[in-house]
Amino acid sequence: MGEQIIWENRDGVLVVTLNRASKLNALNRSLVSELGEVVHKLNFEADCRGLIITGAGEKAFAAGADISEFANYSGDEAALMARRGHEVFNEIENSAKPVIAAINGFALGGGLELAMACHLRICSANAKFGQPEASLGLIPGYGGTQRLVQLIGKGKAMEILLTGDMLSAPDAHRLGLVNQVVEQETLMDTAFEMMNKILSKGPVAIAKTIEAVNAYFDTKANGFEEEIKGFAHCFDTNDFKEGTNAFLEKRKPEFKGN
Ligand code: COA
């Protein structure tokens, strides 16, 4: 892996830092590919149980796709770029393991789109959010027109997309765009706290919950059917036996994820 991304496995939690602070962690093609490699690790390696994504420095999570890289792209090149981004972000969204964005500053354009692909978002009080693409004569290309509507509704999403206005952290929280706002010093601790809470639950249940919730937004799926299937699946797992036995025996469950 190159130097655009730093990652480490902290007791089963992968921590990924977008590492281009001098360019406000703008997402260039190689960074997106490196991120894709880490997401594969998450999805295929048993000792990776969750992922936290943050940005280097105190100013930005990511200030968008790298404008200097795509400035001279043709439409075909732009389509390739967008497809690769969609691939990686869809893998994040559909990961069976929890993914949290720890947003430490600007989350603009592709930066906000990346954060929105994560299952949960925690931000520092200085964070700012926006989809400024229209100012560049563009529209979002990494899912912003869809996930913003899904998260905050059409009216407010339209306003953000059409005006390019930035949202403050409290406004983003009020709209449900972020789950929690904290001081920058406590951002990573808060993200770990939330991650560890999730990881203390049954891993199969977590995976099936993500799948069922995502099915709501999948026009080809029936979310209610997915829920029934996921619910039934859980009954045939050791996690379910352990969870119910632990409750009845008044002890903490020890889930194995099977
Ligand atoms: N792509 C490429 N480079 C970017 C970038 C992006 N999306 N966002 C910031 N940078 C670079 C700047 O060019 C600058 O590089 P330089 O020091 O070599 O000139 C560096 O990051 C610092 O940014 P700067 O603009 O000087 O910081 P600022 O505090 O004055 O402004 C922003 C911060 C976020 C308001 C401003 O950087 C900005 O508007 N960025 C673009 C946001 C955007 O349109 N994103 C959507 C892209 S599709």
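Residues numbered from 1 in each chain as written. Predicted model: local features only at pLDDT ≥ 70, side-chain atom pairs only at ≥ 80, totals over all residues. Heavy atoms only, no water.

## Observations concerning the nonpolar core
Consideration 1: Among the nonpolar cores identified, the biggest contains 47 residues, and L35, I53, I92, I103 and F129 are the most heavily contacted of them.
Consideration 2: When residues of this core are assigned to their parent elements, the largest contribution, six residues, is made by helix 1 (residues 29–44).
Consideration 3: If we ignore the near neighbours within four places in the chain, the residues touching I103 are F61, A115, R121, I122, C123, S124, A127, F129, V178 and L187.
Consideration 4: The next biggest cluster of nonpolar side chains, apart from the first, holds 16 residues, and it includes V13, A102, I122 and M194. (Core = buried A, V, L, I, M, F, W, Y, C linked by side-chain atoms within 4.5 Å. Buried < 20%, exposed > 50% of the residue type's maximum accessible area, 1.4 Å probe, protein only. Helix = DSSP H or I, 4+ residues; strand = E, 2+ residues; numbered from the N terminus. Contact = heavy atoms within 4.5 Å.)

## Remarks on the packing of helix 9 (residues 203–215) against helix 10 (residues 223–235)
Consideration 1: Remark: helix 9 packs on helix 10, axes separated minimally by 8 Å, with the N-to-C direction vectors making an angle of 170°. The angle between the axes of helix 9 and helix 10 places the two elements in the roughly antiparallel class. In contact with V204, A205, K208, E211, A212 and A215 of helix 9, helix 10 contributes G223, E226, E227, G230, H233 and C234.
Consideration 2: Along the lines of polarity and charge, the residues of the contact of helix 9 with helix 10 split into five nonpolar, three polar and four charged. (Axes fitted to C-alpha atoms, helices over the stretch in contact; angles between N-to-C directions. Parallel < 35°, antiparallel > 145°, perpendicular 65-115°, else oblique. Nonpolar A, V, L, I, M, F, W, Y, C, P; charged D, E, K, R; others polar.)

## Observations concerning the sheet that holds strand 5 (residues 99–103)
Consideration 1: If you trace the six strands from one edge of the open sheet to the other, you get 1-2-3-5-7-10, paired in mixed fashion. If you trace the sheet from one side to the other, it starts and ends with strand 1 (5–10) and strand 10 (180–182), each paired once. With strand direction ignored, the average angle separating the axes of adjacent strands in the sheet is 20°.
Consideration 2: Where strand 7 (residues 120–124) meets strand 10, three bridges bridge the pair, whose relative direction is parallel. When the bridges of strand 10 are listed, I122 appears paired with Q180. (Pairing = 2+ DSSP bridges.)

## A short note on unusual backbone geometry
Consideration 1: Positive phi is not limited to glycine here, since D11 has a value of about 50°.
Consideration 2: According to the relative accessible area criterion, D11 is exposed, its value standing at 76%.
Consideration 3: Even without being a glycine, N25 presents a positive backbone phi close to 55°.

## Here's the deal with the pattern of salt bridges
Consideration 1: Counting across every chain of the model gives 11 salt bridges.
Consideration 2: A salt bridge links E45 to K41; the shortest N-O distance between them is 3.0 Å.
Consideration 3: Of the residues examined, K41 reaches a relative accessible area of 17% and is grouped as buried.
Consideration 4: For R174, the salt bridge is made with D171, and the minimal N-O distance between the two is 3.1 Å. Here D171 and R174 lie together in helix 7 (residues 169–174), a separation of three residues that amounts to about one turn.
Consideration 5: Classification of D171 as partly exposed rests on a relative accessible area of 28%. (Salt bridge = Lys/Arg side-chain N within 4 Å of Asp/Glu carboxyl O.)

## Comments concerning the side chain of Q4
Consideration 1: Locating Q4 in the fold gives a position in the segment before strand 1.
Consideration 2: Looking at Q4, its side chain comes within polar contact range of the side chain of R20, at 3.5 Å.
Consideration 3: Those residues in contact with Q4 that lie beyond four places of it in its chain are T17, L18, N19, R20, N28, S30, L31 and E34. (Polar contact = N/O pair within 3.5 Å; in protein donor to acceptor, adjacent residues only side chain to side chain.)

## Here we look at the pairing of strand 3 (residues 50–55)
Consideration 1: Most of strand 3 is tucked away, with six of its six residues classed as buried.
Consideration 2: The alternating pattern of strand 3 places G50, I52 and T54 on one face and L51, I53 and G55 on the opposite face, and all of these are buried.
Consideration 3: Direction of pairing for strand 2 (residues 13–18) relative to strand 3: parallel, over a ladder of six bridges. Residue pairing for strand 3: L14 is matched across the bridge by L51.
Consideration 4: Considered for its hand, the β-α-β crossover made up of strand 2, helix 1 and strand 3 is right-handed. (Right-handed = clockwise from strand over helix to strand, strands pointing away.)

## Quick look at the packing of helix 5 (residues 144–152) against helix 6 (residues 154–163)
Consideration 1: Where helix 5 meets helix 6, the axes come as close as 7 Å, and the angle between the chain directions of the two elements is 140°. Considering their axes alone, helix 5 and helix 6 lie oblique with respect to each other. Crossing angle aside, the handedness with which helix 5 passes helix 6 is right-handed. The residues of helix 6 that touch helix 5, namely those facing T145, L148, V149 and I152, are K154, K156, A157, I160 and L161.
Consideration 2: Its residues assigned to classes, the contact of helix 5 with helix 6 comprises six nonpolar, one polar and two charged. (Left-handed = near helix turned anticlockwise from the far one by under 90°.)

## Brief notes about the sheet that holds strand 6 (residues 106–108)
Paired through backbone hydrogen bonds, the strands of a sheet run either parallel or antiparallel to each other.
Consideration 1: Read across the open sheet, the four strands follow the order 4-6-8-9; overall the sheet is mixed. At either margin of the open sheet sits one strand with a lone partner, and together these are strand 4 (60–62) and strand 9 (167–168).
Consideration 2: Direction of pairing for strand 4 relative to strand 6: parallel, over a ladder of two bridges. Bridged to A62 within strand 6 is A107.
Consideration 3: Each of strand 4, strand 6 and strand 8 (128–130) touches helix 4 (residues 110–117); the most contacted strand, strand 6, lies at about 95° to it.

The values are spatial; any link to function lies outside them.
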